[in-house]
Amino acid sequence: MLKKVLILTDRSDKELKKSILASFLAQLSLSLPVMILMMTFMEILQPFWGKEVGWWKLWVLAFSSIAVVALVFVVHRYEYGKTYVTAYEAAEEKRTTLAEYLRKLPLSYFGKKDLTEITINMMSDCGTIEQSFSSIIPAFGGTMLNLLLTCTLLAVFEWRMALAIFISVPVSFGFLLLCRKTHDYIGKMHLQSKLDASEQMQEYLEGIKVIKAFGLGGDKFKSLENAYRNLMKISTKTETVNGALTTVSMMMLRFGIPLTIFAGLNLVVSESLALPYFLMFLIFSSRIYSSLSTPLALWRDLLYAMLSIRRLHSVYEEKTMGGSDTLTLTHYTIELDNVSFGYQNKLVIKDVSFCIPQGKVTALVGPSGSGKSTISKLIARFWDINAGSIRIGGTDIRDIDPEHLFTWISFVFQDVVLFNDTIYNNIAIGKAGASKEEVEEAARRANCHEFVSRLPDRYDTLVGENGNTLSGGERQRISIARALLKDAPIILLDEATASLDPENELEIQGALSQLIKNKTVVVIAHRLRTIAGADNIVVLENGKVVQQGAGAELLKTGGLYARLFGIQQDNAEWSLES
Ligand SMILES: Nc1ncnc2c1ncn2[C@@H]1O[C@H](COP(=O)(O)OP(=O)(O)OP(=O)(O)O)[C@@H](O)[C@H]1O
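Calculation notes
Residues numbered from 1 in each chain as written. Predicted model: local features only at pLDDT ≥ 70, side-chain atom pairs only at ≥ 80, totals over all residues. Helix = DSSP H or I, 4+ residues; strand = E, 2+ residues; numbered from the N terminus. Buried ≥ 20, exposed ≤ 12 C-beta atoms within 10 Å, placed from the backbone. Contact = placed C-beta atoms within 7 Å. Core = buried A, V, L, I, M, F, W, Y, C linked by C-beta atoms within 7 Å. Axes fitted to C-alpha atoms, helices over the stretch in contact; angles between N-to-C directions. Parallel < 35°, antiparallel > 145°, perpendicular 65-115°, else oblique. Left-handed = near helix turned anticlockwise from the far one by under 90°. Nonpolar A, V, L, I, M, F, W, Y, C, P; charged D, E, K, R; others polar. Near = placed C-beta within 6 Å. Pairing = 2+ DSSP bridges. Expected span 1.5 Å × (residues − 1).

Engineer: Account for the overall build of the protein, with residues named and values stated.
Structural biologist: Broken down by element type, the protein carries 20 helices and ten strands. Looking at the 578 residues of the protein, the share that counts as buried comes to 31%. Contacts in the protein between residues far apart in sequence, at least 24 positions, make up 77% of those at least 6 positions apart.

If you want it as structure tokens, here you go:
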């Protein structure tokens, strides 16, 4: 049951049950001093039954109390270790399995959710799991088990008194169960407002350059302030509502006290219960009610934690991209057959068919927004297409696991992604287990070695977050070095030289020529002279192929390619005038 509700693995389920047991034992151990106290009390009251006080018994009880203190310490130490270790292990397990799952999701998922939400899922929701596994669930479960035991023992002794004490328990919990929808509603609102505030903060920090440049400090700060004010209001509301519901349920619970007194007095008067036992029941009932306050207060934390857990697991409703990770290919010709694809509901690639022969350079050209980058990403299976098929070496790429597919593809984008690591490690990503010589050789061929040698820590220089300590051209050259090192049979170049100055571009083009030798290449470049020598040029307009052929041929036949070429020739004459 726990496993299903909390969506646990077999291991976490087992560990959580052990934590609950540890908490149960810890609480049970706390009953021992009360029992010793009760026994002492009964012994002192012996003259009431006309018997003598057994002093030797009192001595035994006094020594037992020392042993009980030691036992309480040992059991609590065990409980502490068990619950916290389980909590941190469960959170670590959730975080890593989630990160792995996210890696296998299609990119469309990241289009629907923003990074802040995913980060919150990973950190905050997993943090809630930590907290619920360490403090909420074991304490709740342990207390409930303890109460069940106490109730059974009391019922065996005097069922009418046990009934009087415990009858208010299902009433107060029943009330909380009835209010579950209110708890969930307000809890969801609270989680959403926390998410909104975090998103506002993220946007504020990410856009700080634009905010400064355009003097948006006032407006943007106001939205941030509003998000935090809203969070404050909803937090207050959440506490007020939850506090009120818990208080009402506690009042219902405490209604058991007068009921116990009333039932007890009746039994004493009718001589069904001796007065000392009645007093003993009264002491027990006050202890039971104070320990029941804990699960009542924990109930709302438990419901809140369940909301977080459910939000975390909503990620798993998204299907990962399947495919074999053992397939081999005999050639690398890429065929697009009647391919259609849309982001959400907007169709951007419409019934496109063309072939990218192995060992040849195929260029994709067309106006901005015509779908060039989308096609290159579809070949790398960043998304699955809506209709048609894309085949590499005759195999539909939907039959190939995306990570396996990527072993045959090197992608060089205009927007380079570098990790906050050393230059060496950023290049070495290209090939697992690459030697130092191989990394440096790739850097030399990509024209990186010279600028890296000038850095104080050379290849050990940290590049900062997304390489922000490097220029655009330097970042691009590192990404080309990575691709050179990977030496994949298929190369996708999306505006790979766009951020380079003319001098660098010339050198990089030399390196790219080496990179693409005998490879199946798809190249996207706005500067048409860059792709003039391509074996085949596919011209796209509004998501459709409108022309294809060699550059010279397309210039002769006229049409969109010749028009774009003409515009670029005219633009070459353009200069900034005041
Ligand atoms: N992640 C996305 N979500 C929604 N729409 C997108 C996304 N990426 C691109 N688009 C839309 O798809 C269409 C094709 O975009 P794509 O980037 O493939 O064009 P492109 O020809 O490469 O453009 P450019 O030359 O400007 O880079 C555009 O209308 C664009 O707005």
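Engineer: Can you explain the nonpolar core? Please cite residues and give values.
Structural biologist: Among the nonpolar cores identified, the biggest contains 65 residues, and Ile427, Ala481, Leu492 and Val523 are the most heavily contacted of them. Top element by residues in this core is helix α17 (residues 472–486). It accounts for six residues. If sequence neighbours within four positions are ignored, Val523 has contacts with Val361, Ala363, Leu493, Ile531 and Ala534. Membership of the second largest hydrophobic core comes to 38 residues, among which are Ile136, Phe166, Val169 and Leu312.

Engineer: Quick rundown of the packing of helix α2 (residues 10–44) against helix α5 (residues 115–166)? Include the residues and the values.
Structural biologist: Where α2 contacts α5, the axes come no closer than 7 Å and their chain directions differ by 60°. Between α2 and α5, the crossing angle belongs to the class labelled oblique. Relative to α5, α2 is oriented so that their crossing is right-handed. Counted together, Leu16, Ser19, Ile20, Ala22, Ser23, Phe24, Ala26, Gln27 and Leu28 of α2 and Phe133, Ile137, Pro138, Ala139, Gly141, Gly142, Thr143, Leu145 and Asn146 of α5 form the full contact between these two elements. In terms of residue class, the contact of α2 with α5 is made up of eleven nonpolar, seven polar and no charged.

Engineer: Account for the site of the ligand, naming residues and giving values.
Structural biologist: Residues in contact with the ligand amount to eleven residues; listed here are only the nearest, Tyr343, Ser368, Lys372, Ser373 and Thr374. In terms of residues, the shell around the ligand owes the most to one element, helix α12 (residues 372–379), which gives three residues. Its residues assigned to classes, the shell around the ligand shows two nonpolar, eight polar and one charged.

Engineer: How would you explain the sheet that holds strand β10 (residues 544–549) if you had to name every residue and give the values?
Structural biologist: Here six strands make up an open sheet; going across it, the order is β6-β7-β8-β3-β9-β10 and the pairing mixed. In this open sheet, the two edge strands, each paired with only one partner strand, are β6 (409–412) and β10. Strand after strand, the sheet turns through a mean of 15° between neighbouring axes, direction not considered. Of the strand pairs in this sheet, strand β3 (residues 361–365) and strand β9 (residues 536–541) are connected by four bridges, and their pairing is parallel. Considered in β9, the bridge of Leu364 is made with Val538. Taken strand by strand, α12 contacts β3, β7 (490–494), β8 (520–524) and β9, and its axis lies near 155° from that of β8. Where α17 meets the sheet, its contacts fall on β6 and β7, and the angle it forms with β6 comes to roughly 170°.

Engineer: Mind laying out α12, listing which residues take part and the relevant values?
Structural biologist: In terms of burial, α12 is a largely internal element, six of the eight residues being buried. Restricting attention to buried positions, one finds in α12 the residues Lys372, Thr374, Ile375, Ser376, Leu378 and Ile379. Downstream of α12 by one or two residues, Arg381 has phi in the positive range, about 55°.

Engineer: Please give an account of the packing of α5 against helix α11 (residues 275–313) that cites residues and values.
Structural biologist: As a packed pair, α5 and α11 sit with axes 7 Å apart at the nearest point and diverge in direction by 150°. Accordingly, the angle class assigned to the pair α5 and α11 is roughly antiparallel. Here the hand of the crossing between α5 and α11 comes out left-handed. Taken together, the residues of the contact of α5 with α11 break down into 20 nonpolar, nine polar and three charged.

Engineer: Lay out α17 with the relevant residues and their values.
Structural biologist: Side chains of residues three or four places apart in an α-helix project in the same direction, reflecting 3.6 residues per turn. Taking 1.5 Å as the rise per residue, α17 with 15 residues should run 21 Å; its terminal C-alpha atoms sit 21 Å apart, in good agreement. For α17, the buried fraction is high: 13 of the 15 residues fall into the buried class. One or two steps after α17, the chain reaches Asp487, where phi turns positive at roughly 55°.

Keep in mind that these numbers describe shape and distance, not what the molecule does.
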